[in-house]
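# Tertiary structure, described
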Amino acid sequence: MANDFSRGKVWQNIISQSIPLMLAQLVHLLYNVVDRIYIGHLPGADSLALTGIGLTFPLVTLVAAFTNLFGTGGTPLFSIARGAKEEQRAGKILGNTFSLLLGSSLVILLFCYLFRRPVLYLFGASDASYVYADAYLKIYLIGTPFAMLATGLNGFINAQGFPRMGMLTTLMGAVLNLILDPLFIFGMDMGVGGAALATVLSQMVSCAWVLYFLTGRKALLRIEKKNLPVDWHLTGEIVSLGMSGFIMQGTNCLVQVVCNATLKRYGGDLYVGIMTVINSVREILSLPVSGLTSGAQPVLGFNYGAKQKERVRQGIRFTGAVGIVYTLLAWFIVIQCPHLLLSVFTEDAAMLEPGARALHLYFFGFFFMAFQFTGQSAFTALGFSKQAIFFSLLRKAVIVAPLTLLLPRFGLGVDGVFLAEPISNCIGGLACFVTMYFTLYRRLKTD
């Protein structure tokens, strides 16, 4: 079979999948990060423009949640089916995932567009920051179907053993975004609306490339008309496995809402802007370990489907060890260079000192994130959806959100908001990894 992950060294298979995937995720991250960099340097806007963009994060995250629900639910099932040589079932999984992504994206677009004003004020907008948030969001939402299809279906390219092609999905769009951002924002004086328009056009290009590949001759399994009608039993399987990713992003959405509203109360618009920058730094520094564990999933799933249990164990060990080493290094960088990281996104002197303190608090013990990523990806890749869902809920909904509300009330103020994240990383990350080790990893050896 082509791209047989049960052959060769496991770590090499993971690396060959992960590196192109990391590059693809990095390029994809540029869609929003580059927007924030340019917006943070808008003349005369100070921190308000960044604050406005930060207020849109929960809705952007909601889109990502539904993308994960179907995309990360379908991809592991697809990999397991390929490993078991069930080509017909794999093709139907691909077709159903396409239909689910397209249908849900249209519903989300309509709902978020119609109710964006009350929602943004609920998320912590002031009259001053709403102007920037609305100018960005009303254009950005138009790209929802393109963003969901491009991101949700790209995993099927990687799962077929074409990670470089998956990287090209976002590369073309990101390059276009880099070119259009300064042209629209500064050259055509469109401000934050120009940043959103550049992103939407870039998402269209990425989506076109994914559909071109998955309907073309190079793909091992293609999107076919016969597989598009939704099979509700199969949808249940996809949703069950994708629920972990959905809850992870959904609870991220909840945490962002709670953080923005709490920061608005205790620190004002300035601290909502600081959280926008911190979220940007976190996305960048989390990307390598996220890419590694995501790249490992098709390898783990394929070998699990092929009954190669020891190779699955090797893959889990490798991703865990590399993830811990990397996140320790990332934590060290934050400790040493907080002002440098902040200055990439803003020139506002009022944000730098309080931002540096917030950055140190937020990233304390960052290496615990590696335990969460490793345990979560192992559960997801092997189809253990209930465990994956539980630990997604535990870290964000049970630990972070309540602490974000409670800690500021005990005299910590805005510091309490930033401390909630490292506490959850430690408790949630260790709980997820230890449970995965005893209930899954050790049993693979006895099986």
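Before any of the text, the structure's been laid out above.
## Observations regarding the overall build of the protein
Per the secondary structure count, the protein includes 16 helices and 0 strands. Relative to the globule expectation of 22 Å for 447 residues, the C-alpha radius of gyration of the protein, 21 Å, shows essentially globular dimensions. Dimensions of the protein, computed from C-alpha atoms along their principal axes, come out at roughly 60 × 45 × 35 Å. Out of the 447 residues belonging to the protein, those deemed buried represent 59%. For the protein, long-range pairs separated by at least 24 residues make up 83% of all intrachain contacts whose partners lie at least 6 apart in sequence. For the protein, the accessible surface area stands at approximately 17700 Å², while carbon and sulfur atoms represent 67% of it. Here the protein contributes 32 positive and 21 negative side-chain charges, whose respective centroids are spaced 13 Å apart.

## So, helix α6 (residues 144–159)
Residue pairs three or four apart in sequence face the same way in an α-helix, which turns once every 3.6 residues. Taking 1.5 Å as the rise per residue, α6 with 16 residues should run 22 Å; its terminal C-alpha atoms sit 24 Å apart, in good agreement. Along α6, 14 of the 16 residues are buried, which leaves the element largely enclosed by surrounding structure. Directly beyond the C-terminal end of α6, a positive phi value near 90° is found at G161.

## Comments concerning the packing of aromatic side chains
Inspection of the entire model under this criterion finds 18 aromatic pairs. Ring centres 6.3 Å apart and planes at 35° place the aromatic pair F368 and F371 in the tilted group. Taken together, the residues span about one helical turn, with F368 and F371 both in helix α14 (residues 368–381) at a distance of 3 residues. F371 carries the same exposure label as F368, and that label is buried. Over the aromatic face of Y130 sits the side chain of R117, whose NZ or CZ is 4.9 Å from the ring centroid. Stacked on the ring of Y441, the Lys or Arg R313 has its end atom at 4.2 Å from the ring centre.

## Points about the environment of A397
As for its position among the elements, A397 is in helix α15 (residues 385–406). With a relative accessible area of 26%, A397 lands in the partly exposed category. Sequence separation of A397 and V255 is 142 residues, and the distance between their C-alpha atoms is 7.6 Å. For A397, the contacting residues outside a window of four places in its chain are T251 and P402.

## Concerning the packing of helix α9 (residues 232–266) against α15
With their axes 8 Å apart at the nearest point, α9 and α15 run at an angle of 5° to one another. By the angle between their axes, α9 is roughly parallel relative to α15. Its residues assigned to classes, the contact of α9 with α15 shows 15 nonpolar, 8 polar and 1 charged.

## Description of the pattern of salt bridges
Tallied over the full model, the rule gives 7 salt bridges. Where E237 meets R89, a salt bridge forms, and the shortest distance between an N and an O atom there is 2.7 Å. You can see E237 sitting in helix α9 and its partner R89 sitting in helix α3 (residues 87–114), a full 148 residues away along the chain. By relative accessible area, which is 26% here, E237 ends up partly exposed. Through salt bridges with shared partners, a single ionic network connects E310, R313 and R317.

## So, the nonpolar core
Ranked by internal contacts, the top residues of the largest apolar core, which has 114 residues, are L153, I278, I316, F363 and F418. If you tally residues by element for this core, the top one is helix α10 (residues 269–305), at 15 residues. If we skip the residues at most four places from it in the chain, F418 touches L263, Y271, I274, M275, I278, A358, L361 and Y362. Ranked by size, the runner-up nonpolar core spans 12 residues in total, among them I39, A49, F57 and V192.

## With respect to the environment of N96
Residue placement: N96 occurs in helix α3. For N96, a relative accessible area of 0% gives the class buried. Distance from N96 to P20, taken between C-alpha atoms, is 26 Å for residues 76 residues apart in sequence. Aside from chain neighbours lying at most four places away, what touches N96 is N227, L228, P229, V230, D231, L234, T235 and I238.

## Details of helix α13 (residues 349–362)
Here α13 contains 14 residues, and its C-alpha end-to-end distance of 20 Å stays within 8% of the 20 Å for a straight helix at 1.5 Å per residue. The largest bend along α13 measures about 35° and falls at G355. Among all positions in α13, only M351, G355, A356, A358, L359, L361 and Y362 are buried.

## Quick look at the environment of K225
On the secondary structure map, K225 appears in the loop between α8 (191–214) and α9. Note on K225: relative accessible area 75%, which makes it exposed. Taking C-alpha positions, K225 is 35 Å from S392, a pair spaced 167 residues apart along the chain.

Calculation criteria
Residue numbering note: each chain is counted from 1, following its sequence as written. In keeping with the model being predicted, local features are shown solely for residues with a pLDDT of at least 70 and side-chain atom pairs are shown and tallied solely at 80 or more, while totals for entire chains, interfaces and linings include all residues. The basis for every side-chain value is the complete set of non-hydrogen atoms in the structure, without hydrogens or water. Only DSSP runs of H or I with at least four residues qualify as helices, and only runs of E with at least two residues qualify as strands; both kinds are numbered from the N terminus onward. In this description the radius of gyration comes from C-alpha coordinates, and the expected globular size is given by 2.2 Å times residues to the power 0.38. Each residue's exposure class comes from its accessible area (1.4 Å probe, protein chains only) as a fraction of the maximum for that residue type: buried when under 20%, exposed when over 50%, partly exposed otherwise. Here, residues are in contact when the closest pair of their heavy atoms is within 4.5 Å. Residue exposure ignores everything except the shown protein chains as possible cover, and the areas themselves are Shrake-Rupley values with a 1.4 Å probe. Only four residue types enter the tally: Lys and Arg on the positive side, Asp and Glu on the negative side; His and the chain ends are excluded. Note that the charge is assigned to NZ on lysines, CZ on arginines, CG on aspartates and CD on glutamates. Each residue after the first adds 1.5 Å to the expected span of a helix. Aromatic pairs are defined between Phe, Tyr and Trp rings, using the six-membered ring for Trp, whenever the two ring centres lie within 6.5 Å; interplanar angles under 30 degrees are classed as stacked, those over 60 as edge-to-face, and all others as tilted. By definition, being over a ring means that NZ of Lys or CZ of Arg is both within 6 Å of the ring centre and within 35 degrees of the ring normal. Axis definition: a line fitted to C-alpha atoms, over the contacting stretch in the case of helices. Angles run 0 to 180 degrees between N-to-C directions. Under this scheme an angle from 65 to 115 degrees is roughly perpendicular, one under 35 degrees roughly parallel, and one over 145 degrees roughly antiparallel; angles in between are oblique. Three categories are distinguished: nonpolar for Ala, Val, Leu, Ile, Met, Phe, Trp, Tyr, Cys and Pro, charged for Asp, Glu, Lys and Arg, and polar for the others, with Gly belonging to the last. Just to be clear on terms, a salt bridge is a Lys or Arg side-chain nitrogen sitting within 4 Å of an Asp or Glu carboxyl oxygen. Here, nonpolar core refers to any group of buried Ala, Val, Leu, Ile, Met, Phe, Trp, Tyr and Cys residues whose side-chain atoms link them within 4.5 Å. Two axes are fitted around each residue, one to the seven residues ending there and one to the seven starting there, and the angle between them is reported as the bend at that residue.

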